[in-house]
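Listed below are the residues making up each chain.
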Amino acid sequence: MFARPTRRLLSTLSSTPNAFPPPEALSSATATKPFQAQVWASMQPPPESAISAFAARLRLFDGAPPSNLHEVMTKVFTHHSYIKLHTSQKPNEPLPATNKDLESIGNGLLGLFATEYVHAAYPHLPTRAVKAAVTAYVGPQTCADVAREWGTANLLRWHRTPKIGSRKPVLHSDAYASVPRSIVALAYQYGSLDHARELVHKVFLSRKVDLKSFVKFRNPMEALVDTALMFGREKPKSRLLKETGRMSISPVFVVGVFSGEEKLGEGFGSSLRMAEHRACEDALHRLYLTKTPAHELSVPTSTFSSSSGLDSFSTLLSPSVQPFHAVELGASEVLFGSAGRGKLSGRPGDASRQNVEQDD
């Protein structure tokens, strides 16, 4: 029911040496309601020293931290599921502030920064592959992993909630994921849009994600042929480049795919068909996963003012100081990504859409 109760209890005891045992543990009222040390430890607010160290380690605030730092950070580490536990244990006390609103704002900012980055960095990536990449960069599991790496186990207050009707259960990973989202919202609220974007790029978008797993091909050769015709290239042809052990038990073939004199891709395999399949996949991956150079990468939010909070939107109608240079969309994005599984007639490359499969 409670995450790492022993560690949380020991941490609470070390930070508040005179608070344990609490008065309710020595009261006669415990005869009807036994005192539970784990529940008591889970309800304690995070120590001020741990909160200050956490904010300083993340460089959460550009300048001096706010005067109510402990109150703000305690809200960040209080998941909305904690309300149920608080109500059951202290029904006469006011409800604590939770990170529900901050989590919602931070989730929107994470999606904004990740989407514009993936779209600008990989202009040819199909739409469904873009969605999968955004989830891999800033999805719930990634946010939960980041919270664990930050060491928030002893600071987080939450309560496990089972599934009730159509309402989803609240798991430990859900409570973990709310912390990085709230931190991003806090960086935007007390800093600026630039500060929040810089934090997201350093913590989330700097991670290595295997985008090849998001784009799969049922028939790479047919998809490559239609793609080459769409770009006005010659029909691709396979050529055997190298081989060894053809008559042995473990032969190896190296096949290249060429459009005229230009080599589009290369692959190897234990058979000619396998090597050709991999060569065509390699050629298609080179197109879809073409990355914009770092010095040419520009995102739309870089045009906003560096003012704090909502003041960033006050300069929308004024001339932008930092111009935005949009990347050119590839035709493959429109034909292969946006059309889904449907088939549009009268456009080049329509047949290849039946051979491309992207993971959601």
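Residues numbered from 1 in each chain as written. Predicted model: local features only at pLDDT ≥ 70, side-chain atom pairs only at ≥ 80, totals over all residues. Heavy atoms only, no water.

*Asks:* Which residues make up the overall build of the protein, and what are the values?
*Replies:* Regarding its fold elements, the protein presents 14 helices and five strands. When the 360 residues of the protein are sorted by exposure, 44% land in the buried category. Accessible area of the protein: about 19400 Å², with a carbon and sulfur share of 55%. (Helix = DSSP H or I, 4+ residues; strand = E, 2+ residues; numbered from the N terminus. Buried < 20%, exposed > 50% of the residue type's maximum accessible area, 1.4 Å probe, protein only. Areas by Shrake-Rupley, 256 points an atom, 1.4 Å probe, with all protein chains shown as cover.)

*Asks:* Please give an account of the environment of Phe61 that cites residues and values.
*Replies:* Note on placement: Phe61 falls in the loop between α4 (48–58) and α5 (69–76). Given the relative accessible area of 12%, Phe61 is considered buried. The sequence separation of Phe61 and Gln189 amounts to 128 residues, and the corresponding C-alpha distance is 9.9 Å. Residues within four places of Phe61 in sequence aside, it is in contact with Ala55, Pro66, Leu69, Leu186, Tyr190 and His195. (Contact = heavy atoms within 4.5 Å.)

*Asks:* Please give an account of α4 that cites residues and values.
*Replies:* Within the span of α4, buried status applies to Ile51, Phe54, Ala55 and Leu58. Seen end-on, α4 carries its buried residues on one side only, within an arc spanning 95°. Counted as exposed and oriented over 90 degrees from the buried face of α4: Ser49, Ala56 and Arg57. Tucked into the core, α4 has its buried residues touching α5, α9 (140–150) and α10 (172–190). Positive phi shows up at Arg59, right after α4, with a value of about 50°. (Arc of directions from axis to C-beta.)

*Asks:* Before we move on, can you summarise the pattern of salt bridges with the specific residues and values?
*Replies:* For the structure shown, the criterion picks out ten salt bridges. One salt bridge in this structure joins Asp145 and Arg148, with 3.2 Å as the shortest N-O distance. Taken together, the residues span about one helical turn, with Asp145 and Arg148 both in helix α9 at a distance of three residues. Accessibility expressed as a relative area gives 30% for Asp145, which makes it partly exposed. Under the relative-accessibility criterion, Arg148 is labelled partly exposed at 38%. For Glu243, the salt bridge identified is with Arg246, shortest N-O distance 2.7 Å. (Salt bridge = Lys/Arg side-chain N within 4 Å of Asp/Glu carboxyl O.)

*Asks:* Which residues make up the packing of aromatic side chains, and what values do they have?
*Replies:* In this structure the tally under the stated criterion is five aromatic pairs. Look at Phe54 and Phe77: their rings are 5.2 Å apart centre to centre, the planes differ by 75°, and that puts the pair in the edge-to-face class. Linking Phe54 in helix α4 with Phe77 in the loop between α5 and α6 (82–89), this pair joins segments that are 23 residues apart in sequence. For the pair Phe61 and Tyr190, a centre-to-centre distance of 5.8 Å together with 85° between the ring planes defines the contact as edge-to-face. Here Phe61 is found in the loop between α4 and α5, whereas its partner Tyr190 is found in helix α10, with 129 residues between them in sequence. Here the aromatic residues Phe54, Phe77 and Trp150 are joined through ring pairs into a cluster of three or more. Sitting over the face of the ring of Tyr82, Arg157 holds its NZ or CZ atom 4.6 Å from the ring centroid. (Phe/Tyr/Trp six-rings, centres within 6.5 Å; stacked < 30°, edge-to-face > 60°. Lys NZ or Arg CZ within 6 Å of the ring centre and 35° of its normal.)

*Asks:* Describe in detail the packing of helix α7 (residues 100–121) against helix α8 (residues 127–138), supporting the description with residues and values.
*Replies:* Contact geometry of α7 with α8 gives a least axis separation of 9 Å together with a crossing angle of 130°. By the angle class used here, α7 and α8 are oblique. α7 and α8 meet at a crossing whose hand is right-handed. Listed contacts from α8 to Leu110, Ala114, Thr115, Tyr117 and Val118 of α7 are Val130, Ala133, Val134, Tyr137 and Val138. Of the residues contributing to the contact of α7 with α8, the split by class is nine nonpolar, one polar and no charged. (Axes fitted to C-alpha atoms, helices over the stretch in contact; angles between N-to-C directions. Parallel < 35°, antiparallel > 145°, perpendicular 65-115°, else oblique. Left-handed = near helix turned anticlockwise from the far one by under 90°. Nonpolar A, V, L, I, M, F, W, Y, C, P; charged D, E, K, R; others polar.)

*Asks:* Give me helix α11 (residues 193–203): which residues, what numbers.
*Replies:* Among the eleven residues of α11, eight are classified as buried, and the element is accordingly described as predominantly covered. Those residues of α11 not exposed but buried are Leu193, Asp194, His195, Ala196, Arg197, Leu199, Val200 and Val203. On its buried side, α11 packs onto α7, α9 and α10.

*Asks:* Could you give an account of the environment of Gly108, naming the residues involved and the relevant values?
*Replies:* In this fold, Gly108 is placed in helix α7. Along the chain, Gly108 and Val184 lie 76 residues apart, while their C-alpha atoms are 9.8 Å from each other.

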